[in-house]
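# Architecture at a glance
Listed below are the residues making up each chain.
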Amino acid sequence: MTHTLHRMGSVENLSEDYVVLMMPSKDINHVGSGPKLRRFLQMALDNGAIKIGDGRLGNQYHQGGVSKVLENVEDRAVVHAVFRDTESLARTLLAIKEADFGLSVVVSGLFGEVEKCCKRLGLEKHTVNISMGRWGRTENLPPQEILEINTMCGHGMVTVGLIEEVIADVRNKRCTLEEGAERLFRPCLCGIFNPHRAAQLLEEMTAKEK
Amino acid sequence: MRIYPDLCIACGQCVPYCPVKAIRLEAGADFAEIDFDECAECSNCLRMAECPTDAICQQELVWPRTVRSLLSDPLTVAKESGITGRGTEEMKTNDVTGRFKRGFAGIAIELGRPVVGARFYDVEKVAQAVASLGVEFEPRNPTTSLMEDPSIGKFKEGILNEKVVSAILEFAVKLEQLPQLFEIIKRVAAEIDTVFSLDIATRANPDGSVPIEPVVKAAGLWISPNGKTNIGLGRPLVKEH
């Protein structure tokens, strides 16, 4: 119950971070779901999604471009779109509602903002998944600001080592904030990592170090 | 994963891509090395490092090492769930499956996440602790498939030292069992050598409120301000009796 859950951050820096997932359920409604999932991804892009991805086949870098992500969607895919604002999110949810795909849709993000969006559109919460944080030997974890970037990839592929390398590259002007954030996006195969938020977090970190 | 020492030119490009810091390149060394015991077989280095000499290679994976790839490589499809990743459809399709009904809470304890990784002896410790509540581990979850006796949370012989990026224990409990579960989780959290992320899924009440929130707050525990909401657009919508 996890891969877009457990994103760490403040309410302020999470306010530009939303992911919409669409998936069929095996043996219930997966047959013929591929074209619907593809239409959803296209709708998301048309309405302002900043990234799309496919949990089975990989992100745009892994598949060779955004058009390949769209082209390769299969019946049992688990697809995602990432948003940096609630207006784009709301437009996409409205388009999904009107299209009536009949596939499950999960919105990840600040509960308060997602609820406002849903109420406005006449959508109801069916099932809710809450995170209760990290337990056990938490003293072995890296600092909060590193975790805020790392936890945007639920599979842990945006590693601490890569984050530290990108911070050093930004600080030493070997890359811009945006280039650094895009480099961090690449290992997140599902394509759920939010490079817009990552650039903001990198900016905060590097400004603090100055 | 292995690195061929005769091909490696010690450029260090692969080092930052390891999520469990298993790739070492000592100062002045001629080649990088993978600590084979620490490597979780996630394939991130092979996929992402763009090794200029193709020195990184995937050796043949044999049991029980196959467990590492199953739970660590995001693109490995688990035959139990039919989907990629370590989990199942869980709450994502609850609107059509009805997996978590009113009065129940779906629990996921993800050991190793974030960053630290987990060995199965710790996964087993937590599994055995929560099994004392009489829970049924989700049969379609790949971690459950590695259990010898799910009724007591015992794992198969030979896998206890296997290391993975993370492994998810997934089960449901009645809402009234939550306070007891939290006590068990607090106790076992102090007995393991790794971390875990904890989450709970539940049906929303007809008025939109979330029935587990007061229970969690009464236990003095923290809830993140962000999470996941299934907005009930799947069809056919499951009917609850």
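Residues numbered from 1 in each chain as written. Chains lettered and ligands numbered in written order. Predicted model: local features only at pLDDT ≥ 70, side-chain atom pairs only at ≥ 80, totals over all residues.

Attention now goes to the overall build of chain B. A tally of regular secondary structure across chain B gives 6 helices and 12 strands. Once the C-alpha set of chain B is aligned to its principal axes, its extents read approximately 65 × 40 × 35 Å. By the burial criterion, 50% of the 241 residues in chain B qualify as buried. Within chain B, contacts between residues separated by at least 24 positions form 73% of all contacts whose residues are at least 6 apart in sequence. (Helix = DSSP H or I, 4+ residues; strand = E, 2+ residues; numbered from the N terminus. Buried ≥ 20, exposed ≤ 12 C-beta atoms within 10 Å, placed from the backbone. Contact = placed C-beta atoms within 7 Å.)

We now examine helix α8 (residues 160–171) of chain A. For an α-helix the count is 3.6 residues per turn, leaving residues at separations of three or four pointing the same way. Residues and elements named next belong to chain A. The end-to-end C-alpha distance of α8 is 16 Å, a good match for the 16 Å that 12 residues give at a rise of 1.5 Å each. Buried residues of α8: Val 160, Leu 162, Ile 163, Val 166 and Val 170, and no others. Buried residues in α8, looked at end-on, bunch into an arc of 160°, giving them a common side. Looking one or two residues past α8, Lys 173 carries a phi angle of roughly 60°, positive in sign. (Expected span 1.5 Å × (residues − 1). Arc of directions from axis to C-beta.)

With that settled, consider the nonpolar core. Soluble, globular proteins show a tendency: their nonpolar side chains are buried together. Grouped together as the largest cluster of nonpolar side chains are 130 residues, with contacts concentrated most on Val158(A), Leu184(A) and Val126(B). Considering each element in turn, this core owes the most residues, 7 residues, to helix α4 (residues 120–131) of chain B. In this view, Leu184(A) contacts Ile149(A), Val158(A), Leu162(A), Ile163(A), Val166(A), Phe193(A), Pro195(A) and Ala198(A); residues no more than four positions away in its chain are not counted. (Core = buried A, V, L, I, M, F, W, Y, C linked by C-beta atoms within 7 Å.)

Let's shift gears to the sheet that holds strand β10 (residues 167–174) of chain B. What the 9 strands build is an open sheet, ordered β2(A)-β3(A)-β1(A)-β4(A)-β12(B)-β5(A)-β11(B)-β5(B)-β10(B); its pairing is antiparallel. Looking at which strands have only one partner, the edges of the open sheet turn out to be β2 (51–54) of chain A together with β10 of chain B. In this sheet, adjacent strand axes meet at a mean angle of 20° when their direction is disregarded. Packing of helix α6 (residues 111–121) of chain A onto the sheet brings it into contact with β4 (104–110) of chain A together with β12 (226–230) of chain B, and relative to β4(A) it is tilted by some 130°. Against the sheet, α4(B) contacts β5 (104–111), β10 and β11 (195–203) of chain B, and its axis sits at roughly 5° relative to β10(B). (Pairing = 2+ DSSP bridges. Axes fitted to C-alpha atoms, helices over the stretch in contact; angles between N-to-C directions.)

Quick look at the domain arrangement of chain A now. Residue and element names in this part refer to chain A. We note that the domain assignment places domain 1 (11–121) and domain 2 (140–209) within chain A. Tallying the contact residues gives 18 residues for domain 1 and 14 residues for domain 2. When residues in the side of domain 1 that touches domain 2 are grouped by element, the largest group, 4 residues, is from β2. The class makeup of the residues in the side of domain 1 that touches domain 2 is 5 nonpolar, 8 polar and 5 charged. (Domains from an automatic or database assignment. Nonpolar A, V, L, I, M, F, W, Y, C, P; charged D, E, K, R; others polar.)

Our focus in this paragraph is the environment of Ala81(A). All names here are of chain A. Tracing the backbone shows Ala 81 in strand β3 (residues 79–83). For Ala 81, a count of 28 C-beta atoms within 10 Å puts it in the buried group. A sequence separation of 26 residues divides Ala 81 from Val 107, and the C-alpha atoms of the two residues are 9.8 Å apart. Excluding its chain neighbours within four sequence positions, the residues that come into contact with Ala 81 are Val 20, Leu 41, Ala 44, Ala 49, Ile 52 and Thr 92.

Residue and element names in this part refer to chain A. Mapped onto the elements of the fold, Gly 161 is located in helix α8. The class for Gly 161 is partly exposed, based on 15 C-beta atoms found within 10 Å. Separated by 15 residues in the primary sequence, Gly 161 and Ile 146 place their C-alpha atoms 9.9 Å from one another.

With that settled, the discussion passes to the interface of chain A and chain B. Each partner contributes to the interface: chain A provides 68 residues, whereas chain B provides 69 residues. For the side of chain A that touches chain B, the class distribution of residues is 31 nonpolar, 26 polar and 11 charged. Pairing of strand β5 (residues 127–136) of chain A with β11(B), which is carried by 8 bridges, proceeds in the antiparallel orientation. Bridge pairing in β11(B) links Trp135(A) to Phe196(B).

All names here are of chain A. Axis separation between α8 and helix α9 (residues 177–185) bottoms out at 9 Å; the angle between their running directions is 165°. Judged by the inter-axis angle, α8 sits roughly antiparallel to α9. As for the relative orientation of α8 and α9, their crossing is right-handed in sense. Between α8 and α9, the residues in contact are Leu 162, Ile 163, Val 166, Asp 169 and Val 170 and Leu 177, Gly 180, Arg 183 and Leu 184, respectively. (Parallel < 35°, antiparallel > 145°, perpendicular 65-115°, else oblique. Left-handed = near helix turned anticlockwise from the far one by under 90°.)

This paragraph deals with the packing of helix α2 (residues 33–46) of chain A against helix α5 (residues 86–99) of chain A. All names here are of chain A. Relative orientation of the contacting elements α2 and α5 amounts to 150°, with a least axis distance of 9 Å. Here α2 and α5 pass one another in a crossing that is right-handed. For the pair α2 and α5, the contacting residues are Arg 39, Phe 40, Met 43 and Ala 44 in the first and Thr 92, Ala 95, Ile 96 and Ala 99 in the second. Tallied by class, the residues present in the contact of α2 with α5 amount to 6 nonpolar, 1 polar and 1 charged.

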